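What follows is each chain in one-letter form.
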Amino acid sequence: MASTAEQLRQYRGPVLFSFGFRPFFLFGALLASILPMLAALSMAGAVAIGGAHGAIAYHGHEMVFGFLAAVVTGFVMTAVPNWTGRLPVLGWRLFGLFSLWLAGRIAMAASGAIGAQAAAVIDCMFLIVVDLIVLREIAAGKNWRNLPVCFLIGLFALGNVLWHSHALNQGAGQFGLRWGVAVIAILLALIGGRITPSFTRNWFMKTKIPVADAPFAIVDKMALGAIVAAMIVWLAAPTDIGTAVLLFAASGLHLCRLARWRGWLTTAEPLVTILHVGYLWLAAALSFLGAAAAFPESVSISTAFHALTAGAAGVMTLAVMTRVTRGHTGRALTADAPTIAIYVLVNLGAASRIAASFWLSNYSAALTVAAALWSSAFLLFSLVYGRYLLTPKLTS
């Protein structure tokens, strides 16, 4: 059987469908560059979006189960061959999977015309198929270590089903969305907790920085256990004081975990540093969720949501997307000026979105500025990295 590298060399189809990260990173970024601006314009009364679900519900769903689902899929479809030693999903199979995702986006946008039920059926198929593919590959490769990732993708798919079920019966609610966001938080802790120390350690070795290794230890187990427990309790009782205490504790543990990786020594290479910044956003988001539970009159659940989605997920996805794209297309693993600009814009956009929640006298204007900054990061990624994603890998 041909190796992964040999199969990729033998592939003669469109470059876009030669590896999983290519279509999902590119079109996920394009979707992320559009959605926040559409939501801001809709709130200002300039455009009407949302189909059968309304603008706010549509925006929340598409950011979580549209954009983030695309990035998660692009990552796992690229990582699974490395995990299992099996051949990647490419060509017509990858085109079919991407078509399912695109059909879901079209169905959600057109739900007012085709009906919410039809849109639900079309949209829910994608993540279910992704999970079945990952499960098949892990089982065939006997790579049981990564079975938790498959389990979490299955829970993510269930969150989408719950969102649609609630929308069909009672109107779009928050539980399915909170379920999806909770799964994303755990995925960020699980995968971010693997790649951040790993890439940091590689960079330390490359630059000969004498820093002690930080193997998986009790603090990692405690941090992962705490975020899983906190997310479960948050789903059950999002405004309970006990939930707030657990979320604050989880935040502290993740700060301790992050400190062990010594990210402050990586500032000479932003491609590594941004992973630490993204993980810092995760710890901050847990604190915001705790504050929203303990002090709802001061911190809204929307603010906490955006600390996790725009902040932690937004920064970490771009950190992964830039690194994976550079590495798998033959570019140097170093951040150039456009890449640094992408990182600055996404962090400014996330921070501005949090600040907008506390600037109620100019909320609409502040929201538009935040959306423009955050969307610009993904638009710049699409423009700069789109060339890499659409062209063959560089060879030395």
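So, here is what we can say about the structure in this document. (Residues numbered from 1 in each chain as written. Predicted model: local features only at pLDDT ≥ 70, side-chain atom pairs only at ≥ 80, totals over all residues. Heavy atoms only, no water.)

A closer look at the overall build of the protein
Reasoning step 1: Secondary structure assignment for the protein yields 14 helices and zero strands.
Reasoning step 2: Listing each helix as α and each strand as β along the protein from the N terminus yields α-α-α-α-α-α-α-α-α-α-α-α-α-α.
Reasoning step 3: Across the 396 residues that make up the protein, the buried fraction comes to 54%.
Reasoning step 4: In the protein, of all internal contacts separated by at least 6 residues, the share reaching a separation of at least 24 is 78%. (Helix = DSSP H or I, 4+ residues; strand = E, 2+ residues; numbered from the N terminus. Buried < 20%, exposed > 50% of the residue type's maximum accessible area, 1.4 Å probe, protein only. Contact = heavy atoms within 4.5 Å.)

Quick word on a nonpolar patch on the surface
Reasoning step 1: Together, I128, L132, L135, W144, L147, L158 and V161 line one region of the surface with nonpolar side chains, adding up to about 590 Å² of accessible area.
Reasoning step 2: Of note, V161 is situated in helix α7 (residues 147-170).
Reasoning step 3: Among the residues examined, V161 registers a relative accessible area of 34% and is labelled partly exposed. (Patch = residues over 30% accessible without salt bridge, like charges linked within 9 Å, V, L, I, M, F, W, Y side chains within 5 Å. Areas by Shrake-Rupley, 256 points an atom, 1.4 Å probe, with all protein chains shown as cover. Salt bridge = Lys/Arg side-chain N within 4 Å of Asp/Glu carboxyl O.)

Observations regarding unusual backbone geometry
Reasoning step 1: Its identity is not glycine, yet K208 carries a phi of approximately 60°, on the positive side.
Reasoning step 2: Note on placement: K208 falls in the loop between α8 (175-206) and α9 (218-236).
Reasoning step 3: Residue class for K208 comes out exposed when judged on its relative accessible area of 70%.
Reasoning step 4: We note that R262 has phi near 55°; this positive angle belongs to a residue other than glycine.
Reasoning step 5: Tracing the backbone through its elements, the reader meets R262 in the loop between α10 (241-260) and α11 (270-294).
Reasoning step 6: Look at R262 and you get partly exposed, because its relative accessible area is 37%.

Points about the packing of aromatic side chains
Reasoning step 1: Taken as a whole and assessed by the stated rule, the structure comprises 19 aromatic pairs.
Reasoning step 2: Residues F24 and F98 carry aromatic rings whose centres are separated by 5.9 Å and whose planes lie at 70° to one another, so their mutual orientation is edge-to-face. Of the two residues, F24 sits in helix α2 (residues 21-43) while F98 sits in helix α4 (residues 91-109), which places them 74 residues apart along the sequence.
Reasoning step 3: Ring centres 5.9 Å apart and planes at 65° place the aromatic pair F175 and W179 in the edge-to-face group. In this pair, F175 and W179 are both assigned in helix α8, four residues apart and thus about one turn of the helix distant.
Reasoning step 4: Here the aromatic residues F17, F24, F27, W92, F95, F98, W101 and F126 are joined through ring pairs into a cluster of three or more.
Reasoning step 5: In this structure, R178 packs its charged tip against the face of W234, placed 5.4 Å from the ring centre.
Reasoning step 6: Stacked on the ring of F199, the Lys or Arg R323 has its end atom at 3.8 Å from the ring centre. (Phe/Tyr/Trp six-rings, centres within 6.5 Å; stacked < 30°, edge-to-face > 60°. Lys NZ or Arg CZ within 6 Å of the ring centre and 35° of its normal.)

As for empty space enclosed by the protein
Reasoning step 1: The final tally for this structure, using the stated rule, is two cavities of 30 Å³ or more.
Reasoning step 2: In this structure, the largest cavity encloses a volume near 230 Å³.
Reasoning step 3: The wall of the largest cavity is formed by 16 residues, among which V72, L187, L188, I191 and T317 lie closest to the centre.
Reasoning step 4: Secondary-structure elements contributing two or more residues to the lining of the largest cavity are α3 (55-84), α8 and α12 (301-328).
Reasoning step 5: Residues of the lining of the largest cavity, tallied by class, amount to 14 nonpolar, two polar and no charged.
Reasoning step 6: In this structure, the second largest cavity encloses a volume near 30 Å³.
Reasoning step 7: Lining of the second largest cavity is provided by M77, V80, P81, L87, P88, V89, I133 and E137.
Reasoning step 8: Sorting the residues of the lining of the second largest cavity by element identifies α3 and α6 (116-140) as the ones contributing at least two each. (1 Å grid on protein atoms, 1.4 Å probe; cavity = no way out; pocket = protein on both sides within 12 Å on 5 of 7 lines; lining within 4 Å. Points joined across faces, edges and corners; volume = space filled by probe spheres on them. Nonpolar A, V, L, I, M, F, W, Y, C, P; charged D, E, K, R; others polar.)

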